[in-house]
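Structural overview
Below are the chains, spelled out letter by letter.
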Amino acid sequence: GESVGLHLPTLSVQEGDNSIINCAYSNSASDYFIWYKQESGKGPQFIIDIRSNMDKRQGQRVTVLLNKTVKHLSLQIAATQPGDSAVYFCAELNQAGTALIFGKGTTLSVSS
Amino acid sequence: ETGVTQSPTHLIKTRGQQVTLRCSSQSGHNTVSWYQQALGQGPQFIFQYYREEENGRGNFPPRFSGLQFPNYSSELNVNALELDDSALYLCASSLGGGHRTRDTQYFGPGTRLTVL
């Protein structure tokens, strides 16, 4: 079936450190993945996406890595800032291209 | 900001009542998806509308229904409210729609529904 999960429910880092948030997915046919950031009381905010024909994609201070062999996805945040504190979700698009399937999320806490 | 707006922001209803939530999609987007997010969980897909027709549905009962209008705005209706319907309801708009497209979904701020 289609399911997406995250390895750790919480991650605490110091300001300026690099953060790595991990995600495992179960459907080897999945071909589109998105990372979202959700701050308290707000809707999920798009961070970065990656398609299965890529292994790596970089944005501003963020990098997503996709390892299709082990069905693993990670989000790397460089020089983490207090404003990065939020819940991070990885999501997988279902085969029909309609529904995003979310994991439970990782809460990132950044202390200064 | 994504340009996706939702109303109302908060809503309190009692068990058995009916509720209508509204969503305006981002300019140029013709597809709207609705999600339910329980506290501490990831969003769960309810359904998607593309060009005014339901384009996919998650595991939600028929008392969850929707509409999409010619301007691509959308409504989510929930009948016979239950306590477990208390959640954040999110809508997301995307550019393409239709089967097997791979378009990013951009979320609105959500409507917090409390059922007493």
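Because the structure is a prediction, the values reported are computed rather than measured. (Residues numbered from 1 in each chain as written. Chains lettered and ligands numbered in written order. Predicted model: local features only at pLDDT ≥ 70, side-chain atom pairs only at ≥ 80, totals over all residues. Heavy atoms only, no water.)

This brings us to the pattern of salt bridges. Opposite charge on two side chains permits them to pair, given that their charged atoms come into close proximity. According to the stated counting rule, one finds 8 salt bridges over all chains in the structure shown. Measuring nitrogen to oxygen at the nearest pair gives 3.8 Å for the salt bridge that ties A:K42 to A:E39. A salt bridge links B:D85 to B:R63; the shortest N-O distance between them is 2.8 Å. Residue B:D85 is located in the loop between β8 (74–78) and β9 (87–94), and its partner B:R63 is located in the loop between β6 (53–57) and β7 (64–68); the two are separated by 22 residues in the primary sequence. An identical accessibility class is assigned to B:D85 and B:R63; each is buried. One salt-bridge network, in which partners are shared between bridges, spans B:R63, B:E82 and B:D85. (Salt bridge = Lys/Arg side-chain N within 4 Å of Asp/Glu carboxyl O. Helix = DSSP H or I, 4+ residues; strand = E, 2+ residues; numbered from the N terminus. Buried < 20%, exposed > 50% of the residue type's maximum accessible area, 1.4 Å probe, protein only.)

Here we come to the environment of A:I77. All names here are of chain A. Residue position: I77 is located in strand β8 (residues 72–77). Relative accessible area serves as the criterion here: at 3%, I77 is assigned to the buried category. Taking C-alpha positions, I77 is 5.0 Å from S19, a pair spaced 58 residues apart along the chain.

All right, on to the side chain of A:S30 then. Residues and elements named next belong to chain A. Checked against the element boundaries, S30 lands in the loop between β3 (19–25) and β4 (32–38). Residue S30 is classed as buried on the basis of its relative accessible area of 4%. Residues in contact with S30, not counting those within four places in the same chain, are Y25, S52, E92 and Q95. (Contact = heavy atoms within 4.5 Å.)

Before going further, it helps to spend a moment on the interface of chain B and chain A. Contact residues are listed per partner, giving 23 residues for chain B and 24 residues for chain A. The largest contributions to the chain B side of the interface with chain A come from B:R102, B:T104 and B:F107, which together make up 32% of the buried area. Our enumeration of links across chain B and chain A arrives at 0 salt bridges. Where chain B meets chain A, there are 7 residue pairs in polar contact (both at pLDDT 80 or more). Those elements that place two or more of their residues in the side of chain B that touches chain A are β4 (31–37), β5 (44–50), β9 and β10 (106–107) of chain B. (Buried area = accessible area lost by both parts, 1.4 Å probe. Polar contact = N/O pair within 3.5 Å; in protein donor to acceptor, adjacent residues only side chain to side chain.)

Residues and elements named next belong to chain B. The class of D85 is buried, set by a relative accessible area of 3%. Polar side-chain contacts of D85 include one of 2.8 Å to the backbone nitrogen of E82. Setting aside chain neighbours within four positions, we find D85 in contact with Q36, R63, F64, V78, A80, L113 and V115.

A few words on the confidence of the model for chain A. Chain-level pLDDT for chain A is 91 on average; 94% of the residues reach the 70-or-more range. Looking across chain A, the model is least confident in strand β1 (residues 4–6) of chain A, with a mean pLDDT of 57, and most confident in strand β6 (residues 56–58) of chain A, with 98. (pLDDT = per-residue confidence, 0-100.)

In this structure, A:W35, A:L73, A:L75, A:Y88 and A:L108 are the most contacted members of the largest nonpolar core, which totals 20 residues. Counting residues per element, the ones that place at least two in this core are β2 (10–14), β3, β4, β5 (45–51), β7 (62–67), β8, β9 (86–93) and β11 (106–111) of chain A. Among the nonpolar cores identified, the runner-up in size contains 19 residues, and B:V19, B:L21, B:V32 and B:A87 belong to it. (Core = buried A, V, L, I, M, F, W, Y, C linked by side-chain atoms within 4.5 Å.)

What follows concerns the state of the cysteines. Residues and elements named next belong to chain A. For the coordinates displayed, the defined rule picks out 2 disulfides over all chains. In this model C23 forms its disulfide with C90; the gap between the sulfur atoms is 1.8 Å. Its S-S torsion of approximately 55 degrees makes the covalent link between C23 and C90 right-handed. Highlighted residues: C23 in strand β3 and C90 in strand β9, separated in sequence by 67 residues. (Disulfide = S-S within 2.5 Å.)

The next thing to look at is the pairing of β7(B). In β7(B), alternate side chains face the same way, and those of B:F64, B:G66 and B:Q68 are buried while those of B:S65 and B:L67 on the opposite face are not. In this structure, the hairpin formed by β7(B) and β8(B) is closed by a connection of 5 residues, where B:Y72 is found at a positive phi of approximately 75 degrees. (Pairing = 2+ DSSP bridges.)

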